[in-house]
Amino acid sequence: MNLPKFAYFQGQIVPYTQAKVGVLTHALNYGTAVFGGIRAYWNDSEQQLFIFRPVDHYRRLLNSSRLLHMTFTHTPDSLTQLTVELLREEAYRCDIYIRPLAYKADEAIGVKLHGLQDELTIAAIPFDNYMRDDTDVKATISNWRRVDDNAIPARGKISGAYANSALAKSDAQLSGFDEALVLTQEGHLSEGSAMNVFMVRDDVVITPPVTDNILEGITRRTAMELVKNELGLPVVERPIDRTELYICDELFMTGSAAQIVAITKVDYRPVGKGEMGPVAGKLREIFDGIVRAKNPKYAHWNVEV
Ligand code: PMP
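Nothing here was measured: the structure is a model prediction, and the numbers come from that model. (Residues numbered from 1 in each chain as written. Predicted model: local features only at pLDDT ≥ 70, side-chain atom pairs only at ≥ 80, totals over all residues. Heavy atoms only, no water.)

Draft legend 1. Broad picture of the nonpolar core. Judged by nonpolar contacts, the single largest core of 29 residues is most densely connected at Leu49, Ile51, Leu87, Ile96, Ile98 and Ile122. Listed by contribution, the elements that provide at least two residues to this core are strand E4 (38–43), strand E5 (48–52), helix H2 (54–67), helix H3 (76–90), strand E6 (96–104) and strand E7 (118–126). In terms of residue count, H3 provides more of this core than any other element does, five residues in total. For Ile98, the residues in contact, after removing those within four places along its chain, are Gly36, Gly37, Ile38, Ala40, Ile51, Tyr58, Thr83, Leu87, Ile122, Ala123 and Ala124. Formed by 23 residues, the second largest nonpolar core is a distinct cluster that contains Phe52, Leu226, Leu233 and Ile290. (Core = buried A, V, L, I, M, F, W, Y, C linked by side-chain atoms within 4.5 Å. Buried < 20%, exposed > 50% of the residue type's maximum accessible area, 1.4 Å probe, protein only. Helix = DSSP H or I, 4+ residues; strand = E, 2+ residues; numbered from the N terminus. Contact = heavy atoms within 4.5 Å.)

Draft legend 2. Spatial organisation of the site of the ligand. The environment of the ligand is made up of 17 residues, and the closest members are Arg60, Tyr162, Glu191, Thr219 and Ser256. Interatomic distance of 2.8 Å between a side-chain N/O atom of Lys157 and a nitrogen atom of the ligand. Contact between the ligand and Thr219: an oxygen atom at 2.5 Å from a side-chain N or O atom of the residue. Burial of the ligand by the protein amounts to 97% of the accessible area it has alone, namely 390 Å². A majority-of-atoms criterion places the ligand in the largest pocket. (Near = heavy atom within 4 Å. Polar contact = N/O pair within 3.5 Å; in protein donor to acceptor, adjacent residues only side chain to side chain. Areas by Shrake-Rupley, 256 points an atom, 1.4 Å probe, with all protein chains shown as cover. 1 Å grid on protein atoms, 1.4 Å probe; cavity = no way out; pocket = protein on both sides within 12 Å on 5 of 7 lines; lining within 4 Å. Sits in = over half its atoms within 2 Å of the grid points.)

Draft legend 3. Focus on the layout of surface pockets. The volume enclosed by the largest pocket comes to roughly 1,200 Å³. With five residues, E7 is the single largest residue contributor to the lining of the largest pocket. A breakdown of the residues in the lining of the largest pocket according to their chemical character gives 28 nonpolar, 14 polar and seven charged. (Points joined across faces, edges and corners; volume = space filled by probe spheres on them. Nonpolar A, V, L, I, M, F, W, Y, C, P; charged D, E, K, R; others polar.)

Draft legend 4. Summary view of the side chain of Glu90. As for its position among the elements, Glu90 is in helix H3. For Glu90, a relative accessible area of 2% gives the class buried. Apart from the residues lying within four places of it in its own chain, the contact partners of Glu90 are Pro4, Lys5, Phe6 and Ala124.

Draft legend 5. Summary view of the packing of H2 against H3. Viewed as axis vectors pointing N to C, H2 and H3 meet at an angle of 120°, and their least axial separation amounts to 8 Å. Taken together, the axis directions place H2 and H3 in an arrangement best described as oblique. As for the relative orientation of H2 and H3, their crossing is right-handed in sense. Here Pro54, Val55, Tyr58, Arg59 and Leu62 of H2 come into contact with H3, specifically with Pro76, Asp77, Leu79, Thr80 and Thr83. Of the residues assigned to the contact of H2 with H3, the class counts are six nonpolar, two polar and two charged. (Axes fitted to C-alpha atoms, helices over the stretch in contact; angles between N-to-C directions. Parallel < 35°, antiparallel > 145°, perpendicular 65-115°, else oblique. Left-handed = near helix turned anticlockwise from the far one by under 90°.)

Draft legend 6. Inspection of the packing of helix H5 (residues 218–229) against helix H7 (residues 278–291) at higher detail. With their axes 11 Å apart at the nearest point, H5 and H7 run at an angle of 115° to one another. Relative to H7, the element H5 is oriented roughly perpendicular. Of the two possible hands of crossing, H5 and H7 adopt the one that is right-handed. For the pair formed by H5 and H7, the contact residues are Thr219, Thr222, Ala223, Leu226 and Val227 on the first element and Leu283, Ile286, Phe287 and Ile290 on the second.

Draft legend 7. Here's a closer look at a nonpolar patch on the surface. On the surface, Val23, Leu24, Leu28, Tyr30, Ile109 and Val111 cluster together into a nonpolar patch covering about 660 Å² of accessible area. Mapped onto the secondary structure, Val111 falls in the loop between E6 and E7. Taking relative accessible area as the criterion, Val111 reaches 70% and is therefore assigned exposed. (Patch = residues over 30% accessible without salt bridge, like charges linked within 9 Å, V, L, I, M, F, W, Y side chains within 5 Å. Salt bridge = Lys/Arg side-chain N within 4 Å of Asp/Glu carboxyl O.)

Written out as structure tokens, the structure is:
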């Protein structure tokens, strides 16, 4: 296991081994935490590490924290700066994954959100691919349903809600698939276990709306912009029926950990020709240049460490 050397914990950067909480911690017992997942990419020619869209990620983290009655004096910019400082201490020279976590820190019994102490921690580890094969993912439509906005809001990245994602992911993997596609209670496509989903039908790129219990993904937003601006294809946000997944031309998923991955089969049915399609293929290429800070047009998304 590749553990970090440091973590931001209780207001300062400390050795990772000191960043510990007690077993009675509220967040550990009740899932009362929100988190983020941010990547930083190593640019070999510049010998430099670049964080991808950290300000957008931290804006979402702070919004998620508001859903759980948390208050922080941090801002998206101050959290980005803290992350830069942490990464300078770590001195990583490879692709990494950054995990901020805001949590209810009291070591106390009692289910509630108010009147508790909020803490925020950040740690980062070296990170490679998330999926077994990014260009050839075999998915299944899960028989678990996505948590609803009126149960645990999926637009907040709430730790407790990831039991829902984990149920879907493990059942998919233990049945021999790579990934789960999860439907809403109404039966529309919501998202994968930890990624948003895009479908291509007749040269239109379609993705579920933010009202279908998805996490409002930063990579989703990135992909929507790149499809429009760089591939010149229309992007439509609308509900997606289950059986559209069986007849569409292309399916791909987006996420900070997963990046852009092509789904080639759903429930044993080939997607399109049963191999990665042109939209996902081109998008992956453009995306890789942008995240490694090799595309000046999108340099405003790269924060240098
Ligand atoms: N949906 C879920 C449930 C996720 O956990 C993630 C990963 N954060 C995503 C979608 C993708 O979001 P992003 O592109 O911001 O990483």
